[in-house]
Amino acid sequence: MEEETLVYQQDEVHTIPTSLEELSVAGRLRIIERRHSAYIEWRCSDDESNPDNDWAVVNKSAVTFTHHNSSGSVEISTPRRHVRPISVELADLGSYKLTIEGSLVLIQRDGSTHPALQFPGKDAEYFVEVLSRYVAIKRSEKDSTLFLLRDKKTARIDDQLSALGLVSHASRGSRVRKLHGSSSSDSNRSRGSPQHTSSSQVELHSAVVPWTTAAPQRVMGFISNFRRDPYTTTLTTLSKFYDIVLSEDDWAEGFVSERGGDDLNPFASLSGLDNLEPGFQVVTLKGKLVERPRVERLPPLTQLEYSQHCDVDGGVRDPQLLKRRIFKGGIHPSLRSELWCYLLGYYDWSSSSAQREVRRNERLVEYQKLKLQWSTMTADQELRNSGFRERKSLIEKDVNRTDRSHPFYEGDDNPNVQLLHNILMSYVMFNFDLGYVQGMSDLLAPILYVTQNECAAFWCFVGYIDIVHRNFDMDQSGMKEQLLGLQHLIAVIDPEFMSYLESSESANLYFCFRWLLVRFKRELSYSDTLRLWEVLWSQEPCKNFHLLVAAAILDHERNTIMENKFEFTEILKHINDTSQRLNLEELLCSAEAIYEQLVASSDVPAAVLTLLGLPLKPSSQDGEADVSVGELASEKCVSTDEETSPLESSRIISAGPSSSRGKKENFVLYRRCDHNDDDDFLSEEDTSGDSCGGAGDNNASVVPRGDTSATDGAPRGLVGTVTSILGSAVRHIAGEDASIDLLSPISAALHNEGLFEDAIGQQYL
Amino acid sequence: MSNHRRTKSRGRCTVLKVVILGDGGVGKSCLMNRFVSDRFDENSFHTIGVEFLSKEIELNGETYSLQIWDTAGQERFKSLRTPFYRGSDMCLLTFALDDRQSFQNLDTWRREFIHYADVKADFPFMVVGNKLDLPRAVTKEEAESYCTANGDLGYCETSAKDATGVESAFLACLRRYVCTDAPQEAVPLPDTVQLGTAGEPSKGFCLSGCS
């Protein structure tokens with residue numbers, strides 16, 4: 001037995017259910033010293049007696065309720081829940097969220113995020129006191145519930161340095177991070193260096209950044225451009241880091257104030273430069289967003305209320321009004337099976353009861369034909385039909401791992417799993433080209449659960465796939481477009497966060513992929529998934545509302561991500577870990593509030609208005625923005641469904657004074673003009689590398705450009721490099737020192753070639 | 001992936017990136033979960049997008065943190081999957097012993113990986129035949145002869161369900177990595193040299209073919 005010292009213990013610390021289906025589980029929270037390290041541990045109380053059992057299965061208070069349908073009743077019991085114990089070494093704990101209600105979420109440095117725990121009596125004071133014996137705790141300035149942890153020793157040095165005014169942010173030194181936190185020697189080096197931390201980071205990174213073959217070419221490209229037109233080249237390059245500069249708040253203030261007066265926006269001088277730098281346009285957005293309004297939601301639509309929407313024949317009088325109502329509150333579970341048939345196009349809104357009866361019968365015949373087509377396929381036929389075989393095999397594999405912990409689908413030989421299979425196979429016959437793509441079974445399972453009818457579920461599923469079919473494009477272009485649309489949204493509603501994502505190689509928003517592919521099904525509890533989907537199907541209040549929901553989740557996580565200085569890997573981990581921990585009603589309020597905010601704001605970029613299907617406002621159509629509007633609108637012909645919108649293949653480099661969201665002044669979007677159909681989904685073209693005349697190998701190779709490790713943690717360090725380039729350029733332009741060695745900053749950059757590659761904006765995973 | 005860097009973490013362990021590949025349904029996620037959390041979920045989902053888990057493991061007195069990346073296996077999602085190959089230190093090529101097709105597709109996976117990860121053929125691959133608990137459709141001899149014929153890949157058989165061979169599969173792969181990587185250890189300042197780079201595969205100069 002290892003030697004342990006118990007330093008803190010609290011019983012009755014509960015997990016916090018995020019949905020009605022979940023039960024709260026009591027456990028014991030402890031802080032333990034073991035092998036010179038301290039650990040925070042939480043373990044389910046029932047588990048204490050059996051320490052070998054790593055997982056608690058909670059089913060003792062399973063509730064049984066019954067769903068009625070025409071074919072009888074289906075027994076539904078509350079899903080059993082596995083509660084995983086928590087064990088975190090304090091050195092791995094980067095931050096925690098603690099609300100005044102006493103709910104605690106532990107967030108590790110690698111992005112791992114643990115389930116919320118509730119302290120009894122809402123009192124976590126003693127826990128925090130014990131914790132503070134081991135680590136320095138600092139409350140986030142942006143989020144009062146977020147607490148950032150630092151090693152006590154380094155925290156002391158930070159504080160001393162910041163007291164001396166040498167380092168503006170105590171935490172900045174710890175910017176240099178590795179997968180599991182920074183090593184002490186690294187931290188000391190960066191902190192030990194006076195002046196700008198950023199320059200010391202450049203130095204520091206040179207030790208760990210590998211040689212990249214592409215970098216010298218890029219640098220040489222930059223040099224040749226620089227000789228040709230130093231002013232443009234410098235400002236263009238600098239502009240790409242403006243976001244980075246700005247996120248170093250107080251440094252940026254100094255920088256900006258030097259420019260003085262109304263000329264605060266260095267991009268003012270960039271107007272018209274887009275022609276000089278092929279591949280880029282500069283879109284200046286002059287407006288600012290209004291404050292985000294407060295939004296209330298309604299309770300779900302009930303039978304009584306619904307009946308008031310219907311006329312005597314059973315048709316819906318004003319579908320738009322009803323859909324608006326569904327958007328605001330969702331549908332009561334007892335009404336779902338009927339109303340989903342309308343929302344997914346199986347029934348017409350105006351149809352009478354009699355007409356619907358006819359429709360059902362027609363559709364049943366049609367479905368049975370489809371079903372016969374695959375069910376009568378002989379083994380011999382199958383042998384000669386590899387396309388069919390592949391689809392069938394994948395469906396068989398996937399239905400057996402779709403929602404199998406949900407009572408409706410659990411257990412061996414569950415007939416509902418067979419129904420999933422039948423419907424998906426019939427869909428293959430209905431649309432053989434699309435066939436079956438992973439994710440479809442996730443979209444079908446809730447529909448079958450709600451409709452409880454194979455034929456209705458099939459036709460509702462057809463309706464759903466009509467809406468989201470571009471999620472399953474062979475080349476994934478539909479997914480790419482949505483991620484780009486989300487980029488546009490974030491860049492407008494939260495430019496500071498977008499800048500952060502850019503600087504941490506995460507602007508591709510890849511971590512949102514799963515959200516979008518199966519419309520948040522893997523992130524939400526079953527009941528929340530049903531609620532969200534009906535809200536989305538209402539097609540209110542605008543197109544692509546699901547992207548606003550995604551933006552709302554990111555809005556909720558932005559402080560945690562930025563203050564923990566998470567980069568791509570950690571963000572992916574953190575976002576994956578938010579699964580099943582989202583509060584849907586809150587998110588829907590935020591998403592709607594963002595919508596209202598955009599509608600009420602002037603000068604919202606056309607790309608975003610188009611994305612949401614909102615009318616283009618006159619103000620967004622003049623000036624430079626106009627150029628991109630025209631292109632955006634005509635660039636890509638999209639299918640007629642409301643889920644897609646024309647989005648150019650672009651990356652956005654946004655920049656803006658990083659004041660509070662919705663209050664920003666000006667910001668700038670760059671977008672790449674040429675469409676890139678690279679095989680590689682995630683590699684965004686090294687646009688700025690091209691613009692600097694570098695050797696961007698667009699499409700030339702399927703191998704992504706550059707090595708991902710080259711740029712890890714580097715961006716902040718570039719500020720120094722870019723500043724010195726700018727400094728030289730300005731002096732050169734001013735003619736103050738004609739003999740100035742223009743190459744010196746560049747040779748410095750060459751020395752840090754990995755950084756420079758990042759500096760010129762290479763963006764990939 | 002972009003943050004991948006072979007590095008010492010608090011002087012404690014080397015972080016290594018492991019990619020698990022193979023057809024849909026061969027048990028990639030289950031292997032990962034069995035190895036990392038020692039559990040097997042009968043009701044597990046098929047993977048959408050990309051996930052990863054980390055686990056520390058000891059070999060020859062040194063601790064390594066394996067960062068295990070698990071992706072969706074369907075061809076459709078290839079463009080999403082492949083960017084994550086870069087910077088890998090090891091690769092588990094997985095098939096299901098009860099699924100002949102998944103065995104026949106191994107080579108497609110191997111080639112896809114080598115291409116997108118931009119590595120040499122002597123990369124530490126481990127071929128894993130999973131679902132040992134089910135009736136076989138692929139014999140051990142066949143699998144081994146595939147491995148021999150393709151540059152002497154490592155081979156082992158596992159059952160994520162009953163935990164057979166899972167830890168030793170990862171360990172065996174790590175051993176191959178350590179061996180392949182060994183020549184670099186002699187170079188001064190290994191940290192500066194070992195980092196994965198764009199042009200050069202991280203272990204490209206292990207030409208001796210040690211395995």
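The structure presented is a predicted model; accordingly, all values stated were derived computationally and were not measured.

Some thoughts on the overall build of chain A
Okay, step 1: Across its full length, chain A carries 29 helices and 16 strands.
Okay, step 2: The proportion of buried residues among the 765 residues of chain A is 60%.
Okay, step 3: Summarising the internal contacts of chain A: among those between residues at least 6 apart in sequence, 69% fall at separations of at least 24.
Okay, step 4: Of the roughly 29,600 Å² of accessible surface on chain A, a fraction of 51% belongs to carbon and sulfur atoms.

Notes on the UniProt feature "domain: Rab-GAP TBC" (unreviewed entry) in chain A
Okay, step 1: The positions UniProt marks with the feature "domain: Rab-GAP TBC" (unreviewed entry) are residues 330-540 of chain A.
Okay, step 2: In this annotation, residues 330-540 of chain A is assigned 66% helix and 0% strand; the end-to-end C-alpha distance for the span is 12 Å.

Looking at the pattern of salt bridges
Residue and element names in this part refer to chain A.
Okay, step 1: Inspection of every chain in the model, using the stated rule, returns 39 salt bridges over all chains.
Okay, step 2: Of the charged contacts in the structure, one is a salt bridge between R336 and E534, with a shortest N-O distance of 2.7 Å. Separated by 198 residues along the polypeptide, R336 in helix α10 (residues 333-343) and E534 in helix α20 (residues 526-537) bring together distant segments of the chain.
Okay, step 3: Taking the relative accessible area as the measure of exposure, R336 reaches 5% and is therefore buried.
Okay, step 4: The exposure class of E534 is buried, given its relative accessible area of 0%.
Okay, step 5: Several salt bridges converge on common partners, so that one network encompasses R297, R336, R531, E534 and E585.

Here's the deal with the packing of aromatic side chains
Residue and element names in this part refer to chain B.
Okay, step 1: A complete count under the given rule lists 38 aromatic pairs over all chains for this structure.
Okay, step 2: Look at Y85 and F113: their rings are 5.4 Å apart centre to centre, the planes differ by 40°, and that puts the pair in the tilted class. Of this pair, Y85 sits in the loop between α2 (78-81) and β5 (90-96) while F113 sits in helix α4 (residues 106-117); the two residues are 28 residues apart in sequence, bridging distant segments of the chain.
Okay, step 3: Its relative accessible area of 0% is what places F113 among the buried residues.

Things to note about helix α17 (residues 477-493) of chain A
Okay, step 1: Spanning 17 residues, α17(A) covers 24 Å between terminal C-alpha atoms, matching the ideal 24 Å at 1.5 Å per step.
Okay, step 2: Within α17(A), 17 of the 17 residues are buried, leaving the element largely enclosed by the surrounding structure.

Topic: the environment of S103(A)
Okay, step 1: Along the chain, the position of S103(A) falls in strand β10 (residues 103-108).
Okay, step 2: In this structure S103(A) touches I16(A), K97(A), L98(A), L117(A) and Q118(A), once residues within four positions along its chain are discounted.

Some points on helix α1 (residues 28-37) of chain B
Residue and element names in this part refer to chain B.
Okay, step 1: Burial within α1 is extensive, with 10 of its 10 residues counted as buried.
Okay, step 2: Among the residues making up α1, those that are buried are K28, S29, C30, L31, M32, N33, R34, F35, V36 and S37.
Okay, step 3: Directly after α1, the chain includes D38, whose backbone phi takes a positive value near 50°.

Thoughts on the confidence of the model for chain A
Okay, step 1: In this model, chain A carries a mean pLDDT of 72, and residues with pLDDT of at least 70 account for 59%.
Okay, step 2: Contacts for the low-pLDDT stretch residues 683-720 of chain A, under 50 throughout, to residues beyond four places or in other chains number 146 contacts.

Here we look at the pairing of β5(B)
Residues and elements named next belong to chain B.
Okay, step 1: Counting buried residues in β5 gives seven out of seven residues, a clear majority hidden from the surface.
Okay, step 2: Where strand β2 (residues 13-22) meets β5, five bridges bridge the pair, whose relative direction is parallel. Bridging across to β5, L21 finds its partner in L93.
Okay, step 3: Relative to strand β6 (residues 125-130), β5 runs parallel, the two being bridged by six bridges. For L92, the partnering residue across the bridge sits in β6 and is M126.

Re the packing of helix α11 (residues 353-375) of chain A against helix α14 (residues 415-430) of chain A
In a packed pair of helices, the relevant descriptors are the angle between the two axes and the axis-to-axis distance.
Residue and element names in this part refer to chain A.
Okay, step 1: Put simply, α11 and α14 touch, their axes get as near as 8 Å, and they point 90° apart. Taken as axis vectors, α11 and α14 run roughly perpendicular relative to one another. Taken together, the residues of α14 that come into contact with α11 (itself represented by Y367, L370, K371, Q373 and W374) are H421, N422, I423, M425, S426, M429 and F430.

Section: the sheet that holds strand β9 (residues 93-98) of chain A
Strand pairing in a sheet relies on backbone hydrogen bonds, with the paired strands running either antiparallel or parallel.
Residues and elements named next belong to chain A.
Okay, step 1: Spatially, the nine strands line up as an open sheet ordered β8-β3-β2-β1-β11-β10-β9-β13-β12, and their pairing is antiparallel. The open sheet has two edge strands with one neighbour each: β8 (86-89) and β12 (135-139).
Okay, step 2: As paired elements, strand β2 (residues 26-34) and strand β3 (residues 37-44) share eight bridges and run antiparallel to each other. Note on β3: the bridge partner recorded for E33 is A38.
Okay, step 3: Where helix α21 (residues 545-563) meets the sheet, it contacts β9, β10 and β13 (146-151), and its direction lies at approximately 10° from that of β13.

Quick word on the pairing of strand β4 (residues 62-71) of chain B
Residues and elements named next belong to chain B.
Okay, step 1: Most of β4 sits out of view: nine of its 10 residues are buried.
Okay, step 2: As paired strands, β2 and β4 are joined by seven bridges and run parallel to one another. Bridge pairing links L16 to L66 in β4.
Okay, step 3: Two strands pair when backbone bridges link them, and strand β3 (residues 50-59) and β4 are joined in this way by 10 bridges, in the antiparallel orientation. Residue pairing across strands places F52 opposite W69, the latter belonging to β4.
Okay, step 4: Hairpin connection from β3 to β4: two residues lie between these consecutive antiparallel strands, with N60 at a positive phi of about 50°.

Regarding the packing of α11(A) against helix α16 (residues 454-468) of chain A
All names here are of chain A.
Okay, step 1: With their axes 10 Å apart at the nearest point, α11 and α16 run at an angle of 85° to one another. Considering the angle they form, α11 stands roughly perpendicular to α16. Where α11 approaches α16, its residues R363, L364, E366, Y367, L370 and K371 are matched on the opposing element by E454, C455, F458 and W459.

Structural notes on the state of the cysteines
Covalent bonding between the sulfur atoms of two cysteines defines a disulfide.
All names here are of chain A.
Okay, step 1: Counting across every chain of the model gives zero disulfides over all chains.
Okay, step 2: The closest cysteine sulfur to the non-disulfide-bonded C310 is located on C341, 14 Å from its own sulfur.
Okay, step 3: Classification of C310 as buried rests on a relative accessible area of 16%.
Okay, step 4: Among the cysteines around C542, which has no disulfide bond, C589 carries the closest sulfur, lying 15 Å off.

A closer look at unusual backbone geometry
Residue and element names in this part refer to chain A.
Okay, step 1: The omega torsion of the bond from E540 to P541 falls at -10°, within 30 degrees of zero and hence cis.
Okay, step 2: Inspection of the secondary structure puts P541 in the loop between α20 and α21.
Okay, step 3: Residue H36 is not a glycine yet carries a positive backbone phi of 65°.
Okay, step 4: By the secondary structure assignment, H36 is in the loop between β2 and β3.
Okay, step 5: The phi dihedral of D413 falls on the positive side, at around 50°, and the residue is not glycine.

What counts and how
Residues numbered from 1 in each chain as written. Chains lettered and ligands numbered in written order. Predicted model: local features only at pLDDT ≥ 70, side-chain atom pairs only at ≥ 80, totals over all residues. Heavy atoms only, no water. Helix = DSSP H or I, 4+ residues; strand = E, 2+ residues; numbered from the N terminus. Buried < 20%, exposed > 50% of the residue type's maximum accessible area, 1.4 Å probe, protein only. Contact = heavy atoms within 4.5 Å. Areas by Shrake-Rupley, 256 points an atom, 1.4 Å probe, with all protein chains shown as cover. UniProt positions renumbered as here; feature names shortened; annotations may be inferred. Salt bridge = Lys/Arg side-chain N within 4 Å of Asp/Glu carboxyl O. Phe/Tyr/Trp six-rings, centres within 6.5 Å; stacked < 30°, edge-to-face > 60°. Expected span 1.5 Å × (residues − 1). pLDDT = per-residue confidence, 0-100. Pairing = 2+ DSSP bridges. Axes fitted to C-alpha atoms, helices over the stretch in contact; angles between N-to-C directions. Parallel < 35°, antiparallel > 145°, perpendicular 65-115°, else oblique. Disulfide = S-S within 2.5 Å.

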